[in-house]
Amino acid sequence: MSGVQKIIVADDDTDQRLDRWLRRLFPHVSQGRIEKMCRKGDLRVDGGRVKSSTRVMAGQTVRVPPLPASDLRPNDTQRRISEADIKMIQSCVIYRDDHVIALNKPHGLAVQGGSGQSRHVDGLAAALCFELDEKPKLVHRLDKDTSGVLLLARTRMAAQALTAAFRHRETRKIYWAVVAGVPHPKSGMIKTGLVKAHGHGPGGEGEKMYNIHPRDIDDTPGAKKAVTDYSLLEAAGKRAAWMALSPVTGRTHQLRAHMGELGHPIVGDGKYGGSGQENLGDGWGSQLGDEISKKLHLHARSIKIQHPENKSVLHITAPLPKHMQDTWDYFQWDPREVPEDPFEEEE
């Protein structure tokens, strides 16, 4: 066991979540352990109790309680990344300049470490330094099974600017999804409250978001307002629909929970659509059968955000992953025949 450590937050680490900051220093500390240290008050910032989501700022002192020797290992940048993983993560780069890197994150690759996640973007980011010495920093996240545009900042200043843009909703994010059935009306806005029900694993695995009526948000502990714009792009009869989704808010599992609540779950989403049900046009479920992949059909197609340095509009688009492209080919859908931003046309 180590003794109590008091660590001052460096300038480069300002405005990070406490759990992310701690895992960068001690990558083998599980998310469950961090949550427990916070609940017990053993992990403190400037002497005060904190949550794992608390953001640390430069100059603050973090009290880290004694950790088992197994948790005191080199940080991610010191661990060796395999040649195969270096090649894989570098092949995901779809945009790069001196300030920003954009990845087309693959389906199935976690963004950050957690319980049972030893391979993730944050742990592979040291392979994305290229000509700079500094490891790129995450500024937002995608679910493990969601593919598409993921931004990383290459400098401290870029990280601050991009993080602020996401926090203040100064971005335009368009997701593409395939859903079971065809929503009516064909476009609209979904407004609910979302409240989290934790899973039963040691790190809270299996957590799920539940929709509640907007009028009940204020009276429901932990509930947060969630808003999603949606628009139908193409339909395959009554069987399935190609949807554009734009999250106005950024809640956990928001798009998946909202489409499930609408009665048209995202294809491949067992959590919000029933893992064993098939929808052939007259039923409800998240699997389409036939040749359609059972993987989640949710892809962060594009993002518009102000460039942190030159203040121009940075517009990045990510190609579909193979399992979704196969579905597009199956239904003979052509991305060239739909608007890049259907919500812009409606404004």
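Residues numbered from 1 in each chain as written. Predicted model: local features only at pLDDT ≥ 70, side-chain atom pairs only at ≥ 80, totals over all residues. Heavy atoms only, no water.

In the nomenclature of an unreviewed UniProt entry, the chain corresponds to Pseudouridine synthase from the organism Parasedimentitalea marina. In its Sequence similarities (unreviewed entry) section, UniProt records this for the chain: "Belongs to the pseudouridine synthase RluA family." Check the Function (unreviewed entry) section of the UniProt entry for the chain; it says "Responsible for synthesis of pseudouridine from uracil." (UniProt positions renumbered as here; feature names shortened; annotations may be inferred.)

J.: Can you help me understand the overall build of the chain in this one?
T.: Looking only at helices and strands, one finds 9 helices and 17 strands in the chain. Residues classed as buried in the chain amount to 51% of the 347 residues present. Taking the intrachain contacts of the chain between residues at least 6 apart in sequence as the baseline, contacts between residues at least 24 apart amount to 67%. Accessible surface, the chain as shown: approximately 16,800 Å² in total, 46% of it carbon and sulfur. (Helix = DSSP H or I, 4+ residues; strand = E, 2+ residues; numbered from the N terminus. Buried < 20%, exposed > 50% of the residue type's maximum accessible area, 1.4 Å probe, protein only. Contact = heavy atoms within 4.5 Å. Areas by Shrake-Rupley, 256 points an atom, 1.4 Å probe, with all protein chains shown as cover.)

J.: Would you mind going over the sheet that holds strand S4 (residues 48-49) with me for this structure?
T.: Sheet strands associate in pairs through backbone hydrogen bonding, adopting either a parallel or an antiparallel arrangement. Within the open sheet, the 4 strands sit side by side as S1-S6-S3-S4. Their pairing is antiparallel. Among the strands making up the open sheet, the edge pair consists of strand S1 (5-8) and S4. Judged from the 2 bridges that link them, strand S3 (residues 44-45) and S4 form a sheet pairing that is antiparallel. Its bridge partner being in S4, Val 45 is matched across the sheet by Gly 48. Across the sheet, helix H1 (residues 18-25) touches S1, S3 and strand S6 (61-64), and the angle it forms with S6 is around 65°. (Pairing = 2+ DSSP bridges. Axes fitted to C-alpha atoms, helices over the stretch in contact; angles between N-to-C directions.)

J.: Teacher, can you tell me more about the side chain of Asp 143 here?
T.: The topology assignment puts Asp 143 in the loop between strand S9 (137-138) and strand S10 (147-153). Here Arg 256 takes part through its side chain, which lies 3.5 Å from a polar atom of the side chain of Asp 143. Those residues in contact with Asp 143 that lie beyond four places of it in its chain are Lys 105, His 253 and Arg 256. (Polar contact = N/O pair within 3.5 Å; in protein donor to acceptor, adjacent residues only side chain to side chain.)

J.: I tried to follow the nonpolar core on my own but got confused; where do I start?
T.: Burial of nonpolar side chains together is a common tendency in soluble globular proteins. Ranked by internal contacts, the top residues of the largest apolar core, which has 33 residues, are Ile 89, Leu 103, Leu 245 and Leu 298. Not counting residues within four places of it along the chain, the set of residues in contact with Leu 298 comprises Asp 145, Thr 146, Ser 147, Tyr 175, Trp 176, Ala 177, Leu 245, Leu 255, Arg 256, Ile 266 and Met 324. (Core = buried A, V, L, I, M, F, W, Y, C linked by side-chain atoms within 4.5 Å.)

J.: Before we go on, may I ask you to explain the packing of aromatic side chains in this structure?
T.: Note on aromatic pairs: each is described by the distance of the centres and the angle between the planes. Under the criterion given, the structure shown has 7 aromatic pairs. On the numbers, 5.2 Å between centres and 65° between planes, the contact of Trp 242 with Trp 328 is edge-to-face. In this pair, Trp 242 is assigned in strand S15 (residues 240-247) and Trp 328 in helix H8 (residues 322-331), connecting sequence segments 86 residues apart. Using a relative accessible area of 0% as the deciding quantity, one classes Trp 242 as buried. (Phe/Tyr/Trp six-rings, centres within 6.5 Å; stacked < 30°, edge-to-face > 60°.)

J.: Hey, could you run me through the pattern of salt bridges in this one?
T.: Two side chains carrying opposite charge are able to pair once their charged atoms lie near each other. Tallied over the full model, the rule gives 15 salt bridges. Across the pair Asp 42 and Lys 40 runs a salt bridge, and its minimum N-O distance is 3.9 Å. Owing to a relative accessible area of 25%, Asp 42 belongs among the partly exposed residues under this scheme. Here Arg 172 ties to Asp 341 by a salt bridge, and the two come within 3.1 Å at their closest N and O atoms. (Salt bridge = Lys/Arg side-chain N within 4 Å of Asp/Glu carboxyl O.)

J.: Would you explain H1 in this entry?
T.: Along H1, 7 of the 8 residues are buried, which leaves the element largely enclosed by surrounding structure. For H1, every residue scored as buried is listed here: Leu 18, Asp 19, Arg 20, Trp 21, Leu 22, Arg 23 and Arg 24.

J.: Just to check I follow, could you spell out the environment of Ala 318 for this structure?
T.: Tracing the backbone through its elements, the reader meets Ala 318 in the loop between strand S17 (313-317) and H8. Put simply, Ala 318 and Asn 104 are 214 residues apart on the chain and 5.7 Å apart in space, counted from C-alpha to C-alpha. Sequence-distant contacts of Ala 318, that is, excluding residues within four places in its chain, are made with Ile 94, Asn 104, Gly 148, Val 149, His 299, Ala 300 and Arg 301.

J.: Is there a simple way to think about the pairing of strand S12 (residues 187-197) in this case?
T.: As judged from the 8 bridges shared by S12 and strand S14 (residues 224-236), these two strands associate in the antiparallel manner. Residue pairing across strands places Leu 194 opposite Lys 224, the latter belonging to S14. Sheet analysis places S12 next to strand S13 (residues 208-212), joined by 5 bridges and oriented antiparallel. Counted as the bridge partner of Val 195 is Tyr 210 from S13.

J.: Sorry if this is basic, but what is going on with the packing of H1 against helix H2 (residues 31-40) here?
T.: For any two helices packed against each other, one specifies the crossing angle of their axes together with the interaxial distance. Two elements in contact, H1 and H2, have axes separated by 11 Å at closest approach and are oriented at 125°. Judged by the inter-axis angle, H1 sits oblique to H2. Crossing geometry of H1 relative to H2 is assigned as right-handed. Every residue of H2 that contacts H1 at Leu 18, Asp 19, Leu 22 and Arg 23 is listed here: Gln 31, Ile 34, Met 37 and Cys 38. (Parallel < 35°, antiparallel > 145°, perpendicular 65-115°, else oblique. Left-handed = near helix turned anticlockwise from the far one by under 90°.)

J.: Looking at this model, I keep getting lost on empty space enclosed by the protein. Mind explaining?
T.: Rolled over the atoms, a probe as big as a water molecule pinpoints where empty space is left. Evaluation of the coordinates by the stated rule reveals 2 cavities of 30 Å³ or more. Of all elements in the fold, only strand S2 (16-17), H1, S9 and helix H5 (156-167) reach the threshold of two or more residues within the lining of the largest cavity. Looking at the lining of the largest cavity element by element, the count peaks at 4 residues for H5. Considered class by class, the residues forming the lining of the largest cavity number 3 nonpolar, 4 polar and 9 charged. (1 Å grid on protein atoms, 1.4 Å probe; cavity = no way out; pocket = protein on both sides within 12 Å on 5 of 7 lines; lining within 4 Å. Points joined across faces, edges and corners; volume = space filled by probe spheres on them. Nonpolar A, V, L, I, M, F, W, Y, C, P; charged D, E, K, R; others polar.)

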